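# Structural overview for review
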Amino acid sequence: MAAATVSLPLVAYAETNDLPDTNRLQAIADQTQWAHLLHYRPHPYTFRYESQNDSADFFLAEEGKTSLLAELTADLTAFMQTGMADNSSAQCQFPARYQWVKQQLPDIAFVDQPCSDFSQWESEIDASSLTLIFPAAHINSPSSMYGHTLVRMDREGKSSSKLLSYSVNFAANADPSDNELVFSYKGLAGGYPGVVSVMPYYQKTNEYQHLEYRDIWEYNLNLTKPEVDQFVRHVWETKDTYFDYYFFDENCSYRLLALLDASSERSDLAKHFKFTAVPVDTIRALDDAGLIDDTEYRASAASGLEYKRQQVSRQVLDTAKSLIDNEVDVERALAALTEQEQAQALELAHAYARYLAIKKKKDSPELRERTIKILSARSKRSIDAGFIEPPTPAIRDDQGHLSSRLGGWVGQVSGDGPITKYADLSLRLSYHDIMDLPDGYVPGSQIQMGQFDARIWEDGDIRLQRFTLIDVLSLSHQTYFQSPIAWAVTTGLERSLGENAELYAFLKVGFGQAYLTDWGRFYGLADVQLLADNQFDKGYQLSVGPRIGWLLQKSLVQAQIEANFQEFNVGDKTQRRNILAALGYKLADNVQLRLKAQLSQFEHDALTLDREEVSAGVQWYY
């Protein structure tokens with residue numbers, strides 16, 4: 001009798017479609033998890049509290065984007081409707097919301113409506129656990145400079161193929177005709193809609209062919225099965241909507257954190273990334289929250305190729321390369337090698353062919369024919385090539401120094417006049433320069449955005465010494481099989497050395513080559529510089545000259561010597577020469593001591609002006 005007494009009001013409540021009173025609905029609407037399900041966040045600049053989803057289809061209430069209560073009321077009203085046709089109810093459109101609302105209102109006898117499309121999709125996904133995939137930074141691609149993250153929804157059992165699992169990705173829905181410059185601009189300005197997509201993992205890796213040339217870290221998340229199920233439901237209700245995409249903040253990594261926040265009440269991580277969301281920082285946030293169980297490493301094809309290269313003789317290397325680059329008889333080319341060396345040469349040749357086909361986009365009938373001959377020859381040799389696979393790095397990408405940096409410096413400038421002392425305060429929003437602590441970062445790479453250097457001179461004068469909008473440097477070195485171009489681009493505002501120097505705008509671009517030796521990395525670039533301000537004869541100076549340097553990156557000590565000579569110019573006749581020496585020392589995982597000495601020379605007609613600067617500073621990464 002007691003059970004019957006309880007059930008009668010439940011059925012009556014559902015049948016009359018009576019809603020809870022406003023106070024109770026407001027209490028539910030005020031819960032953090034409801035805001036997460038609707039992707040509500042305070043805007044960092046306007047301070048408006050509204051949904052970041054920009055699709056009208058994501059809301060049932062007209063004011064659902066700005067009112068949590070209005071959307072809850074509209075959703076609850078729709079969820080209580082019965083007798084709906086298959087796939088036509090709000091329960092089918094928003095299964096994650098429906099699941100959560102049912103838990104908040106156990107006294108309402110909701111009637112589940114038929115949703116065959118979602119049920120079939122959910123069954124095909126068959127997710128048992130989630131894995132965060134991090135293809136490491138790819139500095140030569142604007143969309144992947146900081147790395148990328150996606151989520152793989154794994155099926156139960158170790159034997160299940162990971163490639164056949166489904167992946168969740170958030171990316172800009174870019175116009176394929178946009179070049180890299182247009183893509184970069186629109187990505188910074190929110191010019192693209194960002195969309196949540198779901199596809200088999202193998203299809204995703206094929207779509208990003210350059211993943212074959214980026215090491216991948218896999219982070220197994222320790223979500224419970226109900227949390228995984230809620231994640232799948234929430235992906236369903238967001239995958240046909242869109243969010244404005246911003247390269248710095250509302251990017252792939254940020255949106256995946258927001259999806260996880262909406263799926264687990266243990267996760268409230270997106271709130272920590274109001275201004276920037278660097279992928280490695282979002283991984284650190286997951287780790288700090290205790291949501292990562294363990295990690296796995298998969299070396300890229302490029303890493304595998306280079307690691308194998310180090311294990312063979314020069315004769316094997318020459319043979320492998322000639323099998324691809326030249327029209328040769330395979331067996332005759334292999335004749336001088338031992339049986340195991342033949343296997344090594346054939347496997348290296350195949351890896352080199354893949355590099356040419358994917359990285360260099362070189363796909364010709366001749367290359368395909370030679371690849372088939374190589375595979376055929378390898379199949380005839382049962383001996384193991386004896387290659388050792390690349391080891392797991394001792395330090396993961398997310399274990400390097402933190403992405404933002406604050407520095408305090410003291411120094412002095414001398415030259416034709418008296419010695420002038422100063423103190424600097426430096427703030428960098430992200431991410432890494434070649435003199436930073438190197439562990440966990442791509443060797444020879446530099447990406448800095450949003451750096452402010454303020455200087456106070458000994459007489460109390462305070463000035464902005466330099467503002468760097470973006471500073472990218474890639475010193476990828478030449479190897480036997482790979483010949484990347486070293487390049488640099490930086491833009492912002494700066495002053496020359498000296499207290500009375502004026503601020504000018506600059507754009508600097510360089511191209512060249514880099515070489516890695518046992519003594520460090522040597523590089524040379526042809527550097528083109530455009531400076532603009534009324535201090536120049538014609539309001540600008542366009543100059544070109546060599547930029548050469550040496551770089552040493554060790555865990556404990558970092559060192560650099562660089563010379564830049566801008567001898568050829570138009571717009572202003574001043575010739576500029578600069579020599580820099582820098583030394584870094586690791587004090588702690590996120591603290592570095594740095595020393596710097598710099599000589600600048602300016603020559604205009606018969607007048608030569610020298611400026612020398614020495615400084616010391618402590619950098620704190622946070």
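For the structure, see preceding data.
Residues numbered from 1 in each chain as written. Predicted model: local features only at pLDDT ≥ 70, side-chain atom pairs only at ≥ 80, totals over all residues. Heavy atoms only, no water.

## Remarks on the overall build of the protein
Which entries qualify depends on this criterion: To qualify as a helix, a DSSP run of H or I must reach at least 4 residues; to qualify as a strand, a run of E must reach at least 2; elements of each kind are numbered from the N terminus. Here, two residues are considered to be in contact whenever any of their heavy atoms come within 4.5 Å of each other. Only the protein chains shown count as cover for residues, with accessible areas throughout obtained via the Shrake-Rupley method and a probe of 1.4 Å. Think of it this way: Lys and Arg go in the positive column, Asp and Glu in the negative one, and His and the chain ends go nowhere. The location of each charge is read from NZ of Lys, CZ of Arg, CG of Asp or CD of Glu.
A tally of regular secondary structure across the protein gives 17 helices and 22 strands. Contacts in the protein between residues far apart in sequence, at least 24 positions, make up 65% of those at least 6 positions apart. Entry remark: accessible area of the protein is about 28800 Å², with carbon and sulfur atoms responsible for 55%. The averaged location of the 85 negative side-chain charges in the protein is 6 Å from the averaged location of its 58 positive side-chain charges.

## Some words on a nonpolar patch on the surface
The following threshold applies: Patches were defined on residues exceeding 30% relative accessible area and lacking a salt bridge, with like-charge contacts within 9 Å and nonpolar side-chain contacts (Val, Leu, Ile, Met, Phe, Trp, Tyr) within 5 Å. Think of a salt bridge as a Lys or Arg side-chain nitrogen and an Asp or Glu carboxyl oxygen that are within 4 Å of each other.
On the surface, a cluster of nonpolar side chains totalling about 650 Å² of accessible area is made up of Leu-507, Val-528, Leu-530, Tyr-540, Leu-542, Val-544, Phe-568 and Val-570. Listing elements by their share of the nonpolar patch, those giving two or more residues are strand S16 (520-532), strand S17 (540-553) and strand S19 (568-570). A total of 3 residues in the nonpolar patch trace back to one element, the largest contributor, which is S17. Structurally, Tyr-540 can be placed in strand S17.

## Looking at the state of the cysteines
Counted only if it meets this: Criterion for a disulfide: a pair of cysteine sulfur atoms within 2.5 Å.
Under the definition given, this model contains 1 disulfide. Note that Cys-92 is cross-linked by a disulfide to Cys-115, the S-S spacing being 2.0 Å. Note on the Cys-92 and Cys-115 pair: the S-S dihedral is about -80°, so by sign convention the disulfide is left-handed. Here Cys-115 lies in the loop between helix H6 (95-104) and helix H7 (116-125) and Cys-92 lies in helix H5 (residues 90-93), a separation of 23 residues in the sequence.

## Some thoughts on the packing of aromatic side chains
To keep it simple, the criterion reads: Only the six-membered ring of Trp is used, alongside the rings of Phe and Tyr, when aromatic pairs are assigned; centres must lie within 6.5 Å, and planes under 30 degrees apart are stacked while those over 60 apart are edge-to-face, with the rest tilted. Throughout, exposure labels follow a simple rule: accessible area from a 1.4 Å probe, protein chains only, divided by the maximum for the residue type, with under 20% read as buried, over 50% as exposed, and the rest as partly exposed. Only lysine NZ and arginine CZ atoms are considered, and such an atom sits over a ring when it is within 6 Å of the ring centre and within 35 degrees of the ring normal.
Tallying each qualifying case throughout the model produces 21 aromatic pairs. On the basis of an interplanar angle of 65° and a centroid distance of 5.5 Å, the ring pair of Tyr-422 and Trp-457 is categorised as edge-to-face. Of the two residues, Tyr-422 is situated in strand S11 (residues 420-432) and Trp-457 in strand S12 (residues 445-457); the sequence distance between them amounts to 35 residues. For the pair shown, Tyr-422 and Trp-457 are each scored as buried. Residues Trp-620 and Tyr-622 carry aromatic rings whose centres are separated by 5.1 Å and whose planes lie at 25° to one another, so their mutual orientation is stacked. Above the face of the Trp-121 ring, Lys-239 is positioned so that its terminal group lies 5.9 Å from the ring centre.

## Re the pattern of salt bridges
When the charged atoms of two side chains lie near each other, side chains of opposite charge can form a pair. Enumeration over the complete set of coordinates arrives at 40 salt bridges. For Asp-75, the salt bridge goes to Arg-97, with nearest N and O atoms at 2.9 Å. Of this pair, Asp-75 sits in helix H4 (residues 68-79) while Arg-97 sits in helix H6; the two residues are 22 residues apart in sequence, bridging distant segments of the chain. For the pair formed by Asp-75 and Arg-97, the shared burial category is buried. For Asp-112, the salt bridge is made with Lys-102, and the minimal N-O distance between the two is 3.3 Å. Separated by 10 residues along the polypeptide, Asp-112 in the loop between H6 and H7 and Lys-102 in helix H6 bring together distant segments of the chain. The structure contains a network of salt bridges with shared partners spanning Arg-152, Asp-154, Lys-162, Glu-218 and Glu-296.

## Re the side chain of Asp-249
Among the structural elements, Asp-249 can be located in the loop between strand S8 (243-245) and helix H11 (252-261). No salt bridge is formed by the buried Asp-249; the nearest opposite charge belongs to Arg-255, separated by 8.0 Å. The contacts of Asp-249, once residues within four sequence positions are left out, are Tyr-254, Lys-274, Phe-275, Thr-276 and Ala-277.

## Re the side chain of Gln-619
Quick note on the threshold: Pairs of N or O atoms within 3.5 Å make up the polar contacts considered here, provided that, within protein, one atom can donate a hydrogen while the other can accept it, and that residues adjacent in sequence are counted only when both atoms are side-chain atoms.
Within the secondary structure, Gln-619 sits in strand S22 (residues 607-621). Residue Gln-619 is classed as buried on the basis of its relative accessible area, which comes to 1%. Here Arg-405 takes part through its side chain, which lies 3.4 Å from a polar atom of the side chain of Gln-619. Once residues lying within four places of it in the same chain are set aside, the contact partners of Gln-619 are Arg-405, Leu-406, Gly-407, Trp-409, Asn-590, Val-591, Gln-592 and Arg-594.

## Thoughts on the environment of Leu-542
By secondary structure assignment, the location of Leu-542 is in strand S17. Given a relative accessible area of 38%, Leu-542 falls into the partly exposed group. For the pair formed by Leu-542 and Leu-530, sequence separation is 12 residues and the distance between their alpha carbons is 4.6 Å. Other than its neighbours up to four places away in sequence, Leu-542 contacts Val-528, Gln-529, Leu-530, Phe-568, Asn-569 and Val-570.

## Remarks on the pairing of strand S18 (residues 557-566)
Short version of the rule: Here the rule is simple: two strands pair whenever DSSP picks up at least two bridges between them.
Of all 10 residues making up S18, 7 are buried, and the element is well covered by its neighbours. As defined by bridge partners, S17 adjoins S18 across 7 bridges and the pair is classed as antiparallel. For Arg-547, the partnering residue across the bridge sits in S18 and is Asn-564. Across 10 bridges, the pairing between S18 and strand S20 (residues 575-588) is antiparallel. Pairing of Val-557 across the sheet is with Tyr-585, part of S20.

## What to know about the environment of Tyr-523
With respect to the secondary-structure elements, Tyr-523 resides in strand S16. Since its relative accessible area comes to 5%, Tyr-523 is described here as buried. Put simply, Tyr-523 and Ser-476 are 47 residues apart on the chain and 9.4 Å apart in space, counted from C-alpha to C-alpha. Here Tyr-523 is in contact with Leu-475, Gln-513, Ala-514, Arg-547, Ile-548, Gly-549, Trp-550, Leu-551, Gln-560, Ile-561 and Glu-562, once residues within four sequence places are set aside. In this structure the side chain of Tyr-523 is engaged in a polar contact, spanning 3.1 Å, whose partner is the side chain of Gln-560.

## Some words on the packing of H11 against helix H12 (residues 279-288)
Spelled out, the test is: Between N-to-C directions, angles span 0 to 180 degrees; the directions come from axes that are lines fitted to C-alpha atoms, helices contributing only their stretch in contact. What sets the label is the angle itself: under 35 degrees gives roughly parallel, over 145 gives roughly antiparallel, 65 to 115 gives roughly perpendicular, and the rest give oblique. Asp, Glu, Lys and Arg are counted as charged, while Ala, Val, Leu, Ile, Met, Phe, Trp, Tyr, Cys and Pro are counted as nonpolar; the rest, among them Gly, fall into the polar class.
Where H11 meets H12, the closest approach of the two axes is 9 Å, and the angle between their N-to-C directions is 25°. If you check the angle between H11 and H12, you find them roughly parallel. Together, Ser-253, Leu-257 and Leu-260 of H11 and Pro-279, Thr-282 and Leu-286 of H12 make up the contact between the two elements. A class-by-class count of the residues in the contact of H11 with H12 yields 4 nonpolar, 2 polar and no charged.

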